[in-house]
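Structural features, examined
Here are the chains, one letter per residue:
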Amino acid sequence: MESSAPGRRRRWDWRRARGAGCALSWAAVGLVLSAFVARASPPVGYFIRFPRGFRLTQETVKIVGSSSFPVKVYVMLHQKSPHVLCVTPRLRNSEMIDPSFQWHGPKGRIISENSTAQVTSTGSLVFQNFEEGMSGVYTCFLEYKPTVEEIVKNIQLKYLIYAYREPHYYYQFTARYHAAPCNSIYNISFEKKLLQILSKLVLDLSCEVSLLKSECHRVKMQRAGLQNELFFTFSVSSLDTEKGPKPCVDHNCESSKRLSKAKNLIERFFNQQVEVLGRRSEPLPEIYYIEGTLQMVWINRCFPGYGMNTLKHPRCPECCVICSPGSYNPRDGTHCLQCNSSLAFGAKACL
């Protein structure tokens with residue numbers, strides 16, 4: 001876990017903050033602080049790699065088979081697959097007379113006219129829009145003559161083709177605030193205002209802020225008495241760009257880039273609270289951010305039916321690969337769990 005404001009010393013560069021241009025953050029800081037300097041009646045209403053591991057594409061990769069073992073192939077969900085060749089490395093560089101290719105998958109023989117899985121004239125298997133149900137064992141039967149005079153040879157090549165998808169990753173933040181008494185309604189009102197401000201900060205990046213936990217505790221300070229503190233835990237995750245408030249089509253719309261920008265905005269917002277408090281001549285408000293308590297951790301999760309396994313999928317170590325038969329993932333966990341009664345790919349329950 002890393003801290004976004006190391007130590008208790010104020011290190012914020014005021015001129016750099018102005019140059020970065022964050023009028024919303026400064027206005028938000030002022031709102032947070034001014035709203036709770038004096039107690040008022042509660043308001044009626046409240047404001048409220050990548051994957052990073054590995055990605056195969058048909059433009060960069062052609063997969064060859066092996067006569068000794070099944071070859072694993074990873075295809076991103078809803079994307080076009082690489083070309084899966086019906087040859088071994090040796091045959092790929094050899095001449096074959098009258099080659100004949102026949103592919104069989106989990107649902108039987110694959111014909112070249114199939115709209116989702118196609119066999120090219122040279123025997124390559126290509127998926128146009130790979131779905132979960134396409135995961136499984138694929139076998140190619142190859143017949144050919146090494147030379148005109150020789151007899152026909154037969155070879156059988158097996159492939160294990162897996163769907164995979166990007167992890168559901170997000171930042172998890174924790175922060176502490178000096179608080180009103182733990183049973184006070186002002187703490188609840190402050191929590192809702194803070195969440196509204198944080199959500200507004202990242203809205204244009206198609207990111208969302210979710211409160212995971214909010215607790216009030218009495219804390220015994222070193223060489224001091226007891227004080228009330230609010231412990232906030234919230235997450236920042238990216239939304240699908242097509243669901244965001246502004247359509248986005250360039251490379252800056254990648255989830256990792258948008259999340260990184262959102263993280264920086266939130267860190268800046270908390271640092272600016274420290275700056276504003278440092279310039280106050282009046283006594284501190286009852287509720288204020290405690291400098292140096294903002295901490296952040298990066299979290300990866302897979303969707304149900306998918307999981308990470310570096311031993312089983314060393315070529316795709318940070319991919320969420322569809323769970324194989326004999327395993328399942330019922331929720332947003334990181335790994336597929338063992339289930340001997342699970343017979344299908346992508347199981348979400350152990351029945």
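All of these numbers come straight from a predicted model, not from anything done at the bench. (Residues numbered from 1 in each chain as written. Predicted model: local features only at pLDDT ≥ 70, side-chain atom pairs only at ≥ 80, totals over all residues. Heavy atoms only, no water.)

**Topic: helix H5 (residues 255-278)**
The following threshold applies: The way it works is that DSSP assigns letters per residue, a run of H or I at least four long becomes a helix, a run of E at least two long becomes a strand, and they are numbered from the N terminus. To estimate how far a helix should extend, the number of its residues minus one is multiplied by 1.5 Å. Each residue is placed in one exposure class: buried if its accessible area under a 1.4 Å probe, protein chains only, is under 20% of its type's maximum, exposed if it is over 50%, and partly exposed if it falls in between.
Here H5 contains 24 residues, and its C-alpha end-to-end distance of 35 Å stays within 8% of the 34 Å for a straight helix at 1.5 Å per residue. Burial of H5 is extensive: 19 of the 24 residues sit out of reach of the surface.

**Focus on the packing of helix H4 (residues 185-202) against H5**
How we decide: Structural elements are reduced to axes, namely lines fitted to C-alpha atoms, with helices fitted over the stretch in contact, and the angle between N-to-C directions of any two is expressed from 0 to 180 degrees. Any angle from 65 to 115 degrees is called roughly perpendicular, while one under 35 is roughly parallel, one over 145 is roughly antiparallel, and all others are oblique. The handedness criterion is simple: a crossing whose near helix is rotated anticlockwise from the far helix by less than a right angle is left-handed, and one whose near helix is rotated clockwise is right-handed. By definition in these notes, contact holds between two residues if any of their heavy atoms fall within 4.5 Å.
Axis separation between H4 and H5 bottoms out at 9 Å; the angle between their running directions is 135 degrees. For the element pair H4 / H5, the angle class is oblique. Crossing of H4 against H5: the hand is right-handed. Of the residues in H5, those touching H4 at Leu 194, Ile 197, Leu 198, Leu 201 and Val 202 are Ala 262, Leu 265, Ile 266, Phe 269 and Phe 270.

**Here's the deal with the environment of Glu 131**
Basically, it comes down to this: Here a polar contact is taken to be a pair of N or O atoms separated by no more than 3.5 Å, where protein atoms must pair a possible hydrogen donor with a possible acceptor and residues adjacent in sequence count only if both atoms sit in side chains.
Within the secondary structure, Glu 131 is located in the loop between strand S8 (125-127) and strand S9 (136-145). Taking C-alpha positions, Glu 131 is 5.8 Å from Leu 77, a pair spaced 54 residues apart along the chain. Among all residues touching Glu 131, those that are not within four sequence positions of it are Leu 77, His 78 and Ala 163. Side chain to side chain, Glu 131 and Asn 129 meet in a polar contact 3.2 Å long.

**A look at the state of the cysteines**
We apply this condition: Here, two cysteine sulfur atoms that lie within 2.5 Å of each other are counted as a disulfide.
Under the defined criterion, the tally for this structure stands at six disulfides. Covalently, Cys 182 is tied to Cys 216 through a disulfide, its sulfur atoms 2.1 Å apart. Taking the torsion about the sulfur-sulfur bond, which here is approximately -75 degrees, the covalent link between Cys 182 and Cys 216 counts as left-handed. In this pair, Cys 182 sits in the loop between strand S11 (168-178) and H4 while Cys 216 sits in strand S12 (residues 207-220), placing the two residues 34 residues apart along the sequence. A relative accessible area of 23% places Cys 216 in the partly exposed class. Two residues share a disulfide in this structure: Cys 339 and Cys 350, whose sulfurs sit 1.9 Å from each other. Classification of the bridge connecting Cys 339 and Cys 350 rests on its S-S torsion, roughly 85 degrees, and on that basis the disulfide is right-handed. With a gap of 11 residues between them, Cys 339 in the segment after strand S19 (337-338) and Cys 350 in the segment after S19 connect regions that are remote in the sequence. Overall, the relative accessible area of 39% leaves Cys 350 in the partly exposed class.

**Things to note about the pattern of salt bridges**
Worth spelling out the cut-off: Here, a salt bridge means any Lys or Arg side-chain nitrogen found within 4 Å of an Asp or Glu carboxyl oxygen.
Scanning the model with the defined rule gives five salt bridges in all. Two residues, Arg 176 and Glu 229, come together in a salt bridge whose shortest N-O distance is 2.7 Å. Taken together, the positions of Arg 176 in strand S11 and Glu 229 in strand S13 (residues 226-238) put the pair 53 residues apart, joining distant regions of the chain. Glu 229 sits in the buried class, given a relative accessible area of 1%. Between Glu 267 and Lys 263 there is a salt bridge, and its shortest N-O distance comes to 3.6 Å.

**Observations concerning the nonpolar core**
For clarity, the threshold we go by: Nonpolar cores were defined as sets of buried Ala, Val, Leu, Ile, Met, Phe, Trp, Tyr and Cys residues, with membership established by side-chain atoms within 4.5 Å.
Core analysis: the biggest nonpolar cluster contains 41 residues, and Trp 103, Leu 125, Phe 127, Tyr 138, Tyr 159 and Ile 161 have the highest contact counts within it. Ranked by residues supplied to this core, first place goes to strand S10 (residues 153-165) with seven residues. When neighbours within four sequence positions are excluded, Phe 127 is seen to be in contact with Gln 79, Lys 80, Ser 81, Thr 116, Ala 117, Met 134, Tyr 138 and Ile 161. One finds Val 236, Ile 266, Phe 269 and Phe 270 within the second-largest nonpolar core, a separate group that totals 32 residues.

It is worth stressing that arrangement in space is one thing and function is another; only the former is reported here.
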